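# Structural characterization, general
Residues per chain are reported as follows:
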Amino acid sequence: MDSPQRRKSGLNLPAGMNETALRLETFSGSSSSFRSISISSPRMISSLTSPSSSKSSTCSDRFIPCRSSSRLHTFGLIEKESPAKEGGNETYSRLLKSELFGSEFGSCSPAGQGSPMSPNKNMLRFKTEHSGSNSPYSPSILGQDSGFSSEVSTPPKPPRKVPKTPHKVLDAPSLQDDFYLNLVDWSSQNVLAVGLGTCVYLWTASNSKVTKLCDLGPNDSVCAVQWTREGSYISIDTNLGQVQVWDGTQCKKVRTMGGHQTRTGVLAWNSRILSSGSRDRNILQHDLRVSSDYVSKLVGHKSEICGLKWSHDDRELASGGNDNQLLVWNQHSQQPILKLTEHTAAVKAIAWSPHQSNLLASGGGTADRCIRFWNTTNGHQLNNIDTGSQVCNLSWSKNVNELVSTHGYSQNQIMVWKYPSMAKVATLTGHSFRVLYLAMSPDGQTIVTGAGDETLRFWNVFPSVKTPTPVKDTGLWSLGRTYIR
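Values in this document were obtained by computation on a predicted structure and should not be read as measured data. (Residues numbered from 1 in each chain as written. Predicted model: local features only at pLDDT ≥ 70, side-chain atom pairs only at ≥ 80, totals over all residues. Heavy atoms only, no water.)

## Some points on the overall build of the chain
Rule in force here: Runs of H or I in DSSP of at least four residues are treated as helices and runs of E of at least two as strands, each being numbered from the N terminus. A 1.4 Å probe rolled over the protein chains alone gives each residue an accessible area, and that area as a share of the maximum for its type sets the label: buried under 20%, exposed over 50%, partly exposed in between. In this analysis, two residues are considered to be in contact whenever any of their non-hydrogen atoms come within 4.5 Å of each other.
Counting its secondary structure elements, the chain contains six helices and 31 strands. Within the chain, the fraction of its 485 residues that count as buried is 44%. Nonlocal contacts in the chain, meaning residues at least 24 apart in sequence, comprise 47% of its contacts between residues at least 6 apart.

As structure tokens, this is what we get:
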């Protein structure tokens, strides 16, 4: 039976203990020492446990960890699906878990099949982190893994479409079928010059106006035409070996220069020098500022010269001949600085890249059929491709890194290539003879081709500078067939 003292206090104390032996130790935030409080009545105990007193207490028996530095994803903490989720999309759920917690969560199999979700397995399992992921729902599916390139997620760009038919055809009577001549050129002022027999005709592209520039007479014929870069003057090579310079706007002859012993079939202008190549195997350098016919002679070929092009910076001149040689000259030497002899046929097609300095393309004749690319700094051949036909002309696009080639035996085709992959962009056909002549419009979008079938055909092959889409017909030129003279 309880003693009277315990009934009086209302406390159920062990035997041998009284109220004075009970002490409650608290820690004061304002003092670094402990102090003892004597409890003399139950009212004091109840006041210590009241809400008002708990608010002022700074002590706590709970430790709340900081989860920001924890690696909880390394533990197999898999929650059972609630009844509300049983009918949901399991694939979506696994993908969501793999993205939030890592690949190990996404790759877990369903409960009841020996997975961590099964009740007979430990719920807490420490797992080793793996550098790679074998989960089909890994973050790489969403493009976060470097193993998947951007090309996989981005659809490939559709190839550019090139019209397969010419948008205009001009009849060009007496256009000669001669591999060694160069009878078509397009000026920077949008005027096309064509050598037909003994005459040179000018065709203005903006209004289709045809003007007869000159007639050499019955004892001579036109072998080559070439505009200056400004497009005001035009040079004409003749079968008698003369080099004539005409004012294209006034239709007046400015000068006649000699020096060649026989026909002169190719011309090339730089900023101030006119170079002419002849059947006499020589290259003459003409300067209109001096009175002499030529200022220097370049000797190196062993046969007729049929290809001649200045680089865009005027530093180097490339020449090709019927001796299968491709020679490169500079401004300060009378001897070639490079002799490239890999071609096995005449080299007429020559073109300097406008996009990369010291990059030269050349094409060989029927026995060679190859387009070769050269680094003229060291003379190394960068690439070559067999086109399957005689290469008659080459021209780079100034708008995109592509080039066009025209061909003779045996397919008479026109081909557009992407550089440096040399993937075929388009193959155009229509001429029934070798496509011996090629010129490009000043905007770089249209080419004109000429052949022994006595036609000039205009093709839209290159995009403009601002847009990658093919240029549509502006309506300035009709689709009908007209005559150049």
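## What to know about a nonpolar patch on the surface
Here is the rule we go by: Surface patches are defined over residues having more than 30% relative accessible area and no salt bridge, joining like charges when they lie within 9 Å and nonpolar side chains (Val, Leu, Ile, Met, Phe, Trp, Tyr) when within 5 Å. With residues, only the protein chains shown are counted as cover, and all accessible areas are computed by Shrake-Rupley using a 1.4 Å probe. Any Lys or Arg side-chain nitrogen found within 4 Å of a carboxyl oxygen on Asp or Glu counts as a salt bridge.
Together, Tyr 92, Leu 96, Leu 100 and Phe 101 make up a nonpolar patch on the protein surface, roughly 440 Å² of accessible area in all. Looking at where Phe 101 falls in the secondary structure, it is placed in helix H4 (residues 90–101).

## Overview of the pattern of salt bridges
This structure, assessed with the given rule, holds 12 salt bridges. Across the pair Arg 263 and Glu 304 runs a salt bridge whose closest N-O atoms are separated by 3.0 Å. Pair noted here: Arg 263 is in the loop between strand E11 (252–257) and strand E12 (264–269) and Glu 304 is in the loop between strand E15 (296–299) and strand E16 (305–310), with a separation of 41 residues, a long-range link. When its relative accessible area of 8% is taken as the criterion, Arg 263 is described as buried. Relative accessible area serves as the criterion here: at 7%, Glu 304 is assigned to the buried category. The closest approach of N and O atoms between Glu 402 and Lys 418, which form a salt bridge, is 3.1 Å. Here Glu 402 is found in strand E25 (residues 402–407), whereas its partner Lys 418 is found in strand E26 (residues 414–418), with 16 residues between them in sequence. With a relative accessible area of 3%, Glu 402 lands in the buried category. What makes Lys 418 partly exposed here is its relative accessible area of 38%. Through salt bridges with shared partners, a single network forms among Asp 178, Arg 263, Arg 279 and Glu 304.

## Thoughts on the sheet that holds E12
Applicable threshold: Two strands form a pair only when DSSP identifies at least two bridges running between them. Axis definition: a line fitted to C-alpha atoms, limited for helices to the stretch in contact. Angles are taken between N-to-C directions and run from 0 to 180 degrees.
Strand order across the open sheet formed by four strands is E12-E13-E14-E15, with antiparallel pairing between neighbours. In this open sheet, the two strands that pair with only one neighbour each are E12 and E15. Direction aside, neighbouring strands of the sheet carry axes that sit 20° apart on average. Here E12 runs beside strand E13 (residues 273–278); their pairing, made up of five bridges, is antiparallel.

## Quick notes on H4
Convention followed: Each residue after the first adds 1.5 Å to the expected span of a helix.
Its 12 residues give H4 an end-to-end C-alpha distance of 16 Å, which sits within 8% of 16 Å, the value for a rise of 1.5 Å per residue. At the C-terminal side of H4, Gly 102 shows a positive phi close to 115°.

## A short note on unusual backbone geometry
In this model, Tyr 409 is joined to Ser 410 through a cis peptide bond whose omega is 10°. With respect to the helices and strands, Ser 410 occurs in the loop between E25 and E26. A cis geometry characterises the amide bond from Tyr 419 onward to Pro 420, with omega recorded as 10°. In the Ramachandran plot, Asn 190 falls in the positive-phi region, its phi being about 70° despite a non-glycine side chain. Assignment of secondary structure puts Asn 190 in the loop between strand E4 (184–186) and strand E5 (191–196). Judged by its relative accessible area of 25%, Asn 190 falls in the partly exposed class. The phi dihedral of Cys 251 is positive, around 55°, even though this residue is not glycine. Among the structural elements, Cys 251 can be located in the loop between strand E10 (243–247) and E11. Taking relative accessible area as the criterion, Cys 251 reaches 29% and is therefore assigned partly exposed.

## Side note on the confidence of the model for the chain
As a reminder of what qualifies: Confidence of the predictor in every single residue is expressed as pLDDT, which spans 0 to 100.
Per-residue pLDDT for the chain averages 80, and the proportion of residues at 70 or more is 67%. Contacts of residues 108–152 to residues separated by more than four positions or lying in other chains number 56 contacts, the stretch itself having pLDDT below 50. Note on residues 473–479: pLDDT is under 50 here. Beyond four places in sequence and across chains, it has 13 contacts.

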